[in-house]
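Spelled out from the first residue to the last, the chains are:
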Amino acid sequence: MSSIDEKKSTEASGSTSDPAPVDTGSVVTLKPDMALQFLTAAKNDNVDVSTIDERSLRWKIDLRLMPILCTIYFLQYLDKTLLNYAAVMGIRANLTSSEYSNLGTIFYVGYIVSEPITSYLMQRFPLGKYLGINVTLWGIVVCCHAACRTYAPLMVIRVLLGVFEACVAPALVLITGMWWTKPEQSRRTGLWYMQIGVAQIVGAAISYGFQHVNSTKIANWQILFLFMGCLTILVGLATIFLLPDNPMSARFLSRGEKVLAIEHVRKNQTGVENKDFKWAHVRELLFKDVQTWPLFFITVLAMIDNGAVSNFSSIIISTFGYSNQRTTIIQMPSGAVSIIATVFATYLVAAVGERALFVAIITVPSVLGAGLLLGLPAHLKVGKLFGVYLLNFCPAMLPIIYSWGAANTAGYTKRAMRNALTLVAFCIGNIIGPQMFKSKDAPNYNPAKIALIVTMSLVIVFAVALRHLVLWQNKKRDQEIAEIGFNKAENFEFLDMTDIENREFRYSH
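Residues numbered from 1 in each chain as written. Predicted model: local features only at pLDDT ≥ 70, side-chain atom pairs only at ≥ 80, totals over all residues. Heavy atoms only, no water.

Some remarks on the overall build of the protein
The cut-off we apply is this: In this text, helices come from DSSP runs of H or I with a minimum length of four residues, and strands from runs of E with a minimum of two, each type numbered from the N-terminal end. In this description the radius of gyration comes from C-alpha coordinates, and the expected globular size is given by 2.2 Å times residues to the power 0.38. Think of it in three bands: residues with accessible area under 20% of the maximum for their type are buried, residues over 50% are exposed, and the middle band is partly exposed, with areas taken using a 1.4 Å probe on protein chains only. All accessibility values rest on the Shrake-Rupley procedure with a 1.4 Å probe; residue burial counts only the protein chains present in the view.
Along the protein, the regular secondary structure elements total 19 helices and zero strands. Relative to the 2.2 N^0.38 estimate, which gives 23 Å for 509 residues, the radius of gyration of the protein is 23 Å and therefore close to what a compact globule would have. Per-residue burial over the protein gives 61% buried out of 509 residues. For the protein, the exposed area adds up to about 18600 Å²; of that, 66% sits on carbon and sulfur atoms.

What follows is the structure, given as structure tokens:
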């Protein structure tokens, strides 16, 4: 990771509905951004920043924060998909196919119900500590899986896992927005999101290793859950003490470094943090912002594929006639595909800025993969296996969606609720995905494969349409500024205005 050249193109964001131009000098907010309060105090105290090397500061921030964010996202994905690996280790012995599908679904029910609540709590409480506590709690829940051998207790424990994991993605998106500019956010989001691929590789390797552990007192899948749960608890406790809540409270930075860190993200026009929850921001998101629902349905449709891959990839591969141990190892390249797709998408988005087009482009291989699974005869195992690997391209668009929402949303409450809405869409897609694989359709599951082709094709259509909408909005705002003008208040970037209120805001597409 390196410092981003300030001369690189800055992605401007803007909102959706288009009311009359706003004079920022007259905008009234309940509270300014916490960063503005910090900058004002630093200015009054004549804090000197002239001797601080900004490039070194960027590295210092990266090296402190990114390992924590990457580790948390790695564990979040691995812990929730341990059920996929445990499926070939014996946990399905007491479960029907429908019951196993329900276990994949009920996790996201807990997730979706708690998402708005946890997003509200993240704004009200210190973000780093809130995240660390939730990581610790879900680690305890992962350990509890080892005590559950039947359907009913597994359903309860999967709901609790969803509740505590619900804060991870929105918290990481908010943290990324606090510390990095919009092009930098795409790269950093890609770095922590690609831990999904790392988790797929490591998870398969760990599962393969534990399959060779034999005990008369405890099953190998139970040992797997206990090991990963204890590891997660340790990471959660470390997060509480090591992850700062925001740049203003970062103990590893000097006061001057904090000032530079805040000034670095001024051009985002999205602020840093505000603890004052504003219901007007929620209403604007739901009823005025015309980008909200297209982006919502793109996420739902794309995550249907993710739900299928997360919960049924091992079962699909096992239908090719491979042993349980070989099925586990064969899943490892799926992680490599996920990493490649994520790096390809997020780094090119940071360089080029065409989020909508890359959402469409990265979906095409997954459509092809579902087509291979549907169309190839049973004896062409290699081709079908290649189709499973290609399905991992589509979920790699999620970091683009995360950074797209962050780039195009101003106002802290609105940003927090945008993240919550994105994760609700994420859950809905992941709930639908496993339910498409019906017992009566085994072993080919052809109706599910057809549904995957249709939903991912619709993602491409929605992405292209949203791009045209964003370009139209930017053009309309440019015309407004040219005809009417725009009065900027001092430090308007930290007044906690929404993107709709700030007519200088321009959308990323």
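Structural notes on helix 1 (residues 34-44)
Worth spelling out the cut-off: Of all possible arcs, the one meant is that of the directions from the helix axis to the C-beta atoms. Throughout, a residue-residue contact means that at least one pair of heavy atoms, one from each residue, lies within 4.5 Å. Whenever two N or O atoms come within 3.5 Å, that pair is a polar contact, provided that in protein one can donate a hydrogen and the other can accept it, and provided that, for residues adjacent in sequence, both atoms are side-chain atoms.
Along helix 1, the residues that are buried comprise Ala35, Leu36, Phe38, Leu39 and Ala42. End-on view of helix 1: buried residues confined to an arc of 160 degrees, all on one side of the axis. If you follow the buried residues of helix 1, they end up packed against helix 10 (255-264). Capping the start of helix 1 is the job of one residue whose side-chain oxygen sits 2.8 Å from the backbone nitrogen of Ala35: Asp33. Of the residues trailing helix 1, Asn46 is marked for its positive phi of about 55 degrees.

Quick word on unusual backbone geometry
The phi torsion at Asn46 lies on the positive side, around 55 degrees, for a residue other than glycine. Within the secondary structure layout, Asn46 lies in the loop between helix 1 and helix 2 (54-86). For Asn46, a relative accessible area of 66% translates into the label exposed. For Gln269, which is not a glycine, the phi torsion comes out positive at approximately 60 degrees. As for its position among the elements, Gln269 is in the loop between helix 10 and helix 11 (279-288).

Looking at a nonpolar patch on the surface
The cut-off we apply is this: For patch detection, residues must exceed 30% relative accessible area and be free of salt bridges, and they are connected within 9 Å for like charges or within 5 Å for nonpolar side chains (Val, Leu, Ile, Met, Phe, Trp, Tyr). Here, a salt bridge means any side-chain nitrogen of Lys or Arg that lies within 4 Å of a carboxyl oxygen of Asp or Glu.
Judged by side-chain polarity, Trp293, Phe297, Leu374, Ile450, Val454, Leu458 and Phe462 come together as a nonpolar surface patch covering roughly 570 Å² of accessible area. Elements represented by at least two residues in the nonpolar patch include exactly helix 12 (292-318) and helix 19 (446-484). Locating Ile450 in the fold gives a position in helix 19. With a relative accessible area of 43%, Ile450 lands in the partly exposed category.

Points about the pattern of salt bridges
Considering all chains together, one arrives at 16 salt bridges under this definition. With its nearest N and O atoms 2.7 Å apart, the salt bridge here joins Arg266 to Glu263. Here Arg266 falls in the buried class, since its relative accessible area comes to 17%. On the basis of relative accessible area, Glu263 is assigned to the partly exposed category, the value being 32%. We note a salt bridge from Asp289 to Arg418, for which the minimum N-O separation is 2.8 Å.

Details of the nonpolar core
As a reminder of what qualifies: Here, the term nonpolar core denotes a set of buried Ala, Val, Leu, Ile, Met, Phe, Trp, Tyr and Cys residues that are joined through side-chain atoms within 4.5 Å.
Counting 145 residues, the largest nonpolar core has Tyr73, Leu131, Trp179 and Trp192 as the members making the most contacts within it. Ranked by residues supplied to this core, first place goes to helix 2 with 17 residues. Apart from the residues within four sequence positions on either side, Trp179 is in contact with Arg58, Ile61, Leu65, Pro244, Asn246, Pro247, Ala250, Phe252, Leu253, Ala261, His264 and Val265.

Quick word on the packing of aromatic side chains
Rule in force here: Only rings of Phe, Tyr and Trp enter the pairing, Trp through its six-membered ring, and a pair is recorded when the two centres are within 6.5 Å. The plane angle decides the type: under 30 degrees is stacked, over 60 is edge-to-face, the rest tilted.
Following the criterion strictly, the structure yields 17 aromatic pairs and no others. Consider the rings of Tyr73 and Tyr193, whose centres lie 5.7 Å apart with planes at 40 degrees: the pair is tilted. Residue Tyr73 is found in helix 2, and its partner Tyr193 is found in helix 7 (residues 182-193); the two are separated by 120 residues along the sequence. On the basis of relative accessible area, Tyr193 is assigned to the buried category, the value being 1%. Consider the rings of Tyr111 and Phe426, whose centres lie 5.8 Å apart with planes at 50 degrees: the pair is tilted. Residue Tyr111 is located in helix 3 (residues 97-124), and its partner Phe426 is located in helix 18 (residues 412-435); the two are separated by 315 residues in the primary sequence.

What about the packing of helix 3 against helix 5 (residues 151-165)?
Selection criterion: Axes here mean lines fitted to C-alpha atoms, for a helix over just the part in contact, with angles spanning 0 to 180 degrees between N-to-C directions. Two helices crossing with the near one rotated counterclockwise from the far one by less than a right angle form a left-handed crossing, whereas a clockwise rotation gives a right-handed crossing. In this count, Pro and Cys sit with the nonpolar residues alongside Ala, Val, Leu, Ile, Met, Phe, Trp and Tyr, while Asp, Glu, Lys and Arg are called charged and the others, Gly among them, polar.
Put simply, helix 3 and helix 5 touch, their axes get as near as 7 Å, and they point 35 degrees apart. Every pair of crossing elements has a handedness; the one defined by helix 3 and helix 5 is right-handed. Taken together, the residues of helix 5 that come into contact with helix 3 (itself represented by Glu99, Asn102, Leu103, Ile106, Phe107, Gly110, Tyr111 and Ser114) are Tyr151, Leu154, Met155, Arg158, Val159, Leu161, Gly162, Val163 and Glu165. Tallied by class, residues from the contact of helix 3 with helix 5 come to 10 nonpolar, four polar and three charged.

Regarding the packing of helix 4 (residues 127-144) against helix 9 (residues 220-242)
Note the cut-off: For classification purposes, angles smaller than 35 degrees are called roughly parallel, those larger than 145 roughly antiparallel, those between 65 and 115 roughly perpendicular, and all remaining angles oblique.
Where helix 4 meets helix 9, the closest approach of the two axes is 7 Å, and the angle between their N-to-C directions is 165 degrees. Classified by the interaxial angle, the pair formed by helix 4 and helix 9 is roughly antiparallel. Two packed elements cross with a definite hand, and for helix 4 against helix 9 that hand is left-handed. Across the interface between the two elements, Gly128, Lys129, Gly132, Ile133, Val135, Thr136, Trp138, Gly139, Ile140, Val142 and Cys143 from helix 4 touch Phe225, Leu226, Met228, Gly229, Cys230, Thr232, Ile233, Val235, Gly236, Leu237, Thr239 and Ile240 from helix 9. The residue makeup of the contact of helix 4 with helix 9, split by class, is 14 nonpolar, eight polar and one charged.

Here we look at the side chain of Ser114
Among the structural elements, Ser114 can be located in helix 3. A polar contact is formed between the side chain of Ser114 and the backbone oxygen of Gly110, at a distance of 2.9 Å. A distance of 3.2 Å separates the side chain of Ser114 from the backbone oxygen of Tyr111, its partner in a polar contact. Not counting the four nearest positions on each side in its chain, Ser114 is found in contact with Gly162, Val163 and Ala166.

Things to note about helix 7
Condition: In a helix, the anticipated span is given by 1.5 Å times the number of residues less one.
The end-to-end C-alpha distance of helix 7, which contains 12 residues, comes to 16 Å, matching closely the 16 Å that a straight helix rising 1.5 Å per residue would cover. Along helix 7, the positions that sit buried rather than exposed are Lys182, Pro183, Glu184, Gln185, Ser186, Arg187, Arg188, Thr189, Gly190, Leu191, Trp192 and Tyr193.

Some points on the state of the cysteines
Threshold: Any two cysteine sulfur atoms within 2.5 Å of one another count as a disulfide.
Tallied over the full model, the rule gives zero disulfides. Among the cysteines around Cys143, which has no disulfide bond, Cys230 carries the closest sulfur, lying 4.0 Å off.

Let's talk about the confidence of the model for the protein
Inclusion rule: Think of pLDDT as the predictor's per-residue confidence, scored from 0 to 100.
Predicted confidence across the protein gives a mean pLDDT of 86, with 91% of residues reaching 70 or more. Looking across the protein, the model is least confident in helix 13 (residues 324-330), with a mean pLDDT of 72, and most confident in helix 4, with 97. Predicted confidence for residues 1-30 stays below pLDDT 50, and this span has 107 contacts to residues more than four positions away or in other chains.

Thoughts on the environment of Ile140
Tracing the backbone shows Ile140 in helix 4. Each C-alpha atom, one on Ile140 and one on Val349, is 37 Å from the other, the two residues being 209 residues apart in sequence.

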